[in-house]
Amino acid sequence: MADLPTSYDGSVLIAVIGGTGLQSLAGYVPVAVVNPKTPWGYPSAPIHILKHNDVPIAFLSRHGAYHEIAPHEVPSRANIAALRSIGVRTVIAFSAVGSLQEEIKPRDFVVPDQIIDRTKGVRPFTFFEKGVVGHVGFADPFDEKIAKVVRVCGHALAGDGVVLHDKGTVVCMEGPQFSTRAESNLYRSWGGSVINMSALPEAKLAREAEMVYQMICMATDYDCWHSTADDVDVEMVMGHMSANSANAKTLVGAVLDMLSKEEHSDTVTAKHWEGKSTGMIKFMTKKEGRGAEGIKNVEYLFPGVFD
Ligand SMILES: CSC[C@H]1O[C@H](OP(=O)(O)O)[C@H](O)[C@@H]1O
Ligand SMILES: Nc1ncnc2[nH]cnc12
């Protein structure tokens, strides 16, 4: 890493955000390591630019290079803004989750389509403030176009023992402590499929930044609702993550291969999200009322937006 360039001239459209147990992507060719300073500070870790079959991708470790950043401390605004600044428009976000349903077994993958927000308002959660107001739609928090690709890739790996669930609702809790048994049962009664501490505000910020965002979850435990499985602890999470890391990396690799194909280029460049935020923020706050700091921040995300 020491000898790698610290800038990259080409365009990098796709990023993988690695979660617990996925702090690097082995088997790819390292090309550069960049660390953009954003109005919201630096990302969780320097961003690695890697090549996969000659296609550049960005990799960012959500909890830092050494897992030193707690879920409520993850600088999600800097992460999303830094990725966008280097050209990224599609984010595949990996997450270790607890299962809230019997049929989602530890080491199974889930492609979630919904989120229930159980964060507590302690995490900065928007780019649009300080004199620039904006409200994006979030009815479907993930990206169905990419979800379809992940499902096809996951099912194709069934022979390698990969079990993938096509849909699911992620409960995103505050943490860092795990849930009480009463909470775990409550989330089950709400229809939660899996639970983590990372889907938000990451998914909201990606939506505000007009980026495609899809999470891939891997179950590592049954949280604490199950009558026979042991209650979740960190050893359990890490044990399943490392035992199944080969499958996780194979799945991510297959998704990246598929997304590199010409037929997905409009999806990956996020054409379907383009203008959704910029059009709305220009319309929402009248020019005379816009604040200097809000303008500067939004200009970082969308250069020239107010020209
Ligand atoms: C170490 S268990 C709790 C921790 O694991 C998950 O991390 P990530 O989503 O980044 O894979 C969960 O969200 C918590 O942050
Ligand atoms: N049971 C659980 N609760 C919250 N986050 C998790 N990540 C992995 N397992 C989890």
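Refer to the preceding data block for the structure.
Notes on the structure follow. All values derive from a computational prediction rather than experimental measurement.

## Things to note about the site of ligand 2
The local shell around ligand 2 holds 13 residues, among which Ala-96, Gly-98, Thr-220, Asp-221 and Asp-223 are the closest. Between ligand 2 and Gly-98 there is a distance of 3.2 Å, counted from a nitrogen atom to a backbone nitrogen or oxygen. A total of 260 Å² of accessible area belongs to ligand 2 in isolation, and the protein chains cover 94% of it. Looking at the shell around ligand 2, the elements that each hand over two or more residues are strand E5 (90–99), strand E10 (194–196) and strand E11 (212–221). Among the elements that take part in the shell around ligand 2, E5 stands out by supplying three residues, more than any other.

## Describing the packing of helix H2 (residues 144–156) against helix H6 (residues 245–259)
At a minimum axis distance of 9 Å, the contact between H2 and H6 shows a crossing angle of 125 degrees. Viewed along their axes, H2 and H6 adopt a mutual orientation that is oblique. In this structure, H2 meets H6 at a crossing whose hand is right-handed. Contacts between H2 and H6 involve Ile-146, Val-149, Val-150, Val-152, Cys-153 and Gly-154 from the first element and Leu-251, Ala-254, Val-255, Met-258 and Leu-259 from the second. Looking at the contact of H2 with H6 residue by residue, the class counts come to ten nonpolar, one polar and no charged.

## Some thoughts on the pairing of strand E3 (residues 47–52)
By the bridge criterion, five bridges tie strand E2 (residues 29–34) to E3 in an arrangement that is antiparallel. Note on E3: the bridge partner recorded for Val-29 is Lys-51. Two strands pair when backbone bridges link them, and E3 and strand E4 (residues 55–61) are joined in this way by five bridges, in the antiparallel orientation. Within the sheet, the bridge partner assigned to Leu-50 lies in E4 and is Ile-57.

## Topic: the nonpolar core
Grouped burial of nonpolar side chains is what soluble globular proteins tend to show. Ile-47, Ala-58, Leu-83, Val-88 and Phe-127 are the most contacted members of the largest nonpolar core, which totals 49 residues. The element that contributes the greatest number of residues to this core is helix H1 (residues 76–85), accounting for five residues. What Leu-83 contacts, discounting residues up to four positions off in sequence, is Ala-15, Ile-17, Ile-47, Ala-58, Leu-60, Val-88, Val-91 and Met-211. Ile-14, Ile-146, Leu-256 and Trp-273 belong to the second largest nonpolar core, which has 37 residues in total.

## Some remarks on the site of ligand 1
Surveying the vicinity of ligand 1 reveals the residues Gly-19, Thr-20, Arg-62, His-63, Pro-71, Ser-95, Ala-96, Phe-178, Asn-196, Met-197, Ser-198 and Val-237. Take His-63: an N or O atom from its side chain is 2.5 Å from an oxygen atom of ligand 1. Between ligand 1 and Met-197 there is a distance of 2.7 Å, counted from an oxygen atom to a backbone nitrogen or oxygen. Calculation on ligand 1 without its partners gives an accessible area of 390 Å², and the protein chains cover 92% of this total.

## What to know about helix H5 (residues 234–243)
Listing the buried residues of H5 in full gives Met-236, Val-237, His-240 and Met-241. Relative to the axis of H5, the buried residues are bounded by an arc of 125 degrees and lie together on one face. Along H5, exposed side chains directed more than 90 degrees from the buried face belong to Glu-235 and Ser-242. Near the N-terminus of H5, the side chain that reaches the backbone nitrogen of Glu-235, with its oxygen 3.3 Å away, is that of Asp-233.

Thresholds applied
Residues numbered from 1 in each chain as written. Chains lettered and ligands numbered in written order. Predicted model: local features only at pLDDT ≥ 70, side-chain atom pairs only at ≥ 80, totals over all residues. Heavy atoms only, no water. Near = heavy atom within 4 Å. Polar contact = N/O pair within 3.5 Å; in protein donor to acceptor, adjacent residues only side chain to side chain. Areas by Shrake-Rupley, 256 points an atom, 1.4 Å probe, with all protein chains shown as cover. Helix = DSSP H or I, 4+ residues; strand = E, 2+ residues; numbered from the N terminus. Axes fitted to C-alpha atoms, helices over the stretch in contact; angles between N-to-C directions. Parallel < 35°, antiparallel > 145°, perpendicular 65-115°, else oblique. Left-handed = near helix turned anticlockwise from the far one by under 90°. Contact = heavy atoms within 4.5 Å. Nonpolar A, V, L, I, M, F, W, Y, C, P; charged D, E, K, R; others polar. Pairing = 2+ DSSP bridges. Core = buried A, V, L, I, M, F, W, Y, C linked by side-chain atoms within 4.5 Å. Buried < 20%, exposed > 50% of the residue type's maximum accessible area, 1.4 Å probe, protein only. Arc of directions from axis to C-beta.

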